[in-house]
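# Breakdown of the fold
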Amino acid sequence: MSLMGVFDIAGSGMSAQSIRLNTVASNLANVNTVSSSVDRTYKARHPVFQAVFASEMGDGMKQSQLDSGRGVQVLGVLEDQAEPRPQYQPDHPLADENGYIYLPDINAVEEMADMISASRSFQTNVDVMDAAKQMMQRVLTLGQ
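Our subject in this report is the structure included herewith. The structure displayed is predicted, hence computed values, not measured ones.

What the rule picks out here adds up to one aromatic pair. Ring centres of tyrosine 88 and tyrosine 100 lie 5.4 Å apart, and the angle between their planes is 65°; on these two criteria the pair is classed as edge-to-face. Taken together, the residues span a long stretch of sequence, with tyrosine 88 in strand S3 (residues 85–88) and tyrosine 100 in strand S4 (residues 100–103) at a distance of twelve residues. A relative accessible area of 52% means that tyrosine 88 is categorised as exposed. Relative accessible area serves as the criterion here: at 34%, tyrosine 100 is assigned to the partly exposed category.

Structure (structure tokens):
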């Protein structure tokens, strides 16, 4: 693998982690969102990642290179299927006829941990790009 491939791999990782950070931010922003019915309650979203291998890219490579990773792709963003949490508040303006409001089943602590993990993964990919850039610069100075 050339050093240019490192930039592609790290870039795909940064893109994936950016999507992950956006979904976590959306989940955290809606953790206390109230609705009047189960159907209208916010559902947490989670991205699904998949590794991309060189064999899937169809390049004319040797067998040893075909099994190497070429990055990550986001297959999609799935909605959580957890049931909303009903809460009895008959005085609330959005309460249904039985006096219940509905909150999304989102654990803010888990979302914060996911945000920290995504942030660190993003930073690791930035560090990989920086290391590759420094190696390329050192190669250019070898002839001096």
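What follows continues from the structure just given.
Turning next to the packing of helix H1 (residues 3–29) against helix H4 (residues 108–141). H4 packs onto H1 with a crossing angle of 160° between their chain directions and a minimal axis gap of 9 Å. By the angle class used here, H1 and H4 are roughly antiparallel. The handedness of the crossing between H1 and H4 comes out as left-handed. Taken together, the residues that form the contact of H1 with H4 break down as 20 nonpolar, nine polar and four charged.

The rules we used
- Residues numbered from 1 in each chain as written.
- Predicted model: local features only at pLDDT ≥ 70, side-chain atom pairs only at ≥ 80, totals over all residues.
- Heavy atoms only, no water.
- Phe/Tyr/Trp six-rings, centres within 6.5 Å; stacked < 30°, edge-to-face > 60°.
- Helix = DSSP H or I, 4+ residues; strand = E, 2+ residues; numbered from the N terminus.
- Buried < 20%, exposed > 50% of the residue type's maximum accessible area, 1.4 Å probe, protein only.
- Axes fitted to C-alpha atoms, helices over the stretch in contact; angles between N-to-C directions.
- Parallel < 35°, antiparallel > 145°, perpendicular 65-115°, else oblique.
- Left-handed = near helix turned anticlockwise from the far one by under 90°.
- Nonpolar A, V, L, I, M, F, W, Y, C, P; charged D, E, K, R; others polar.

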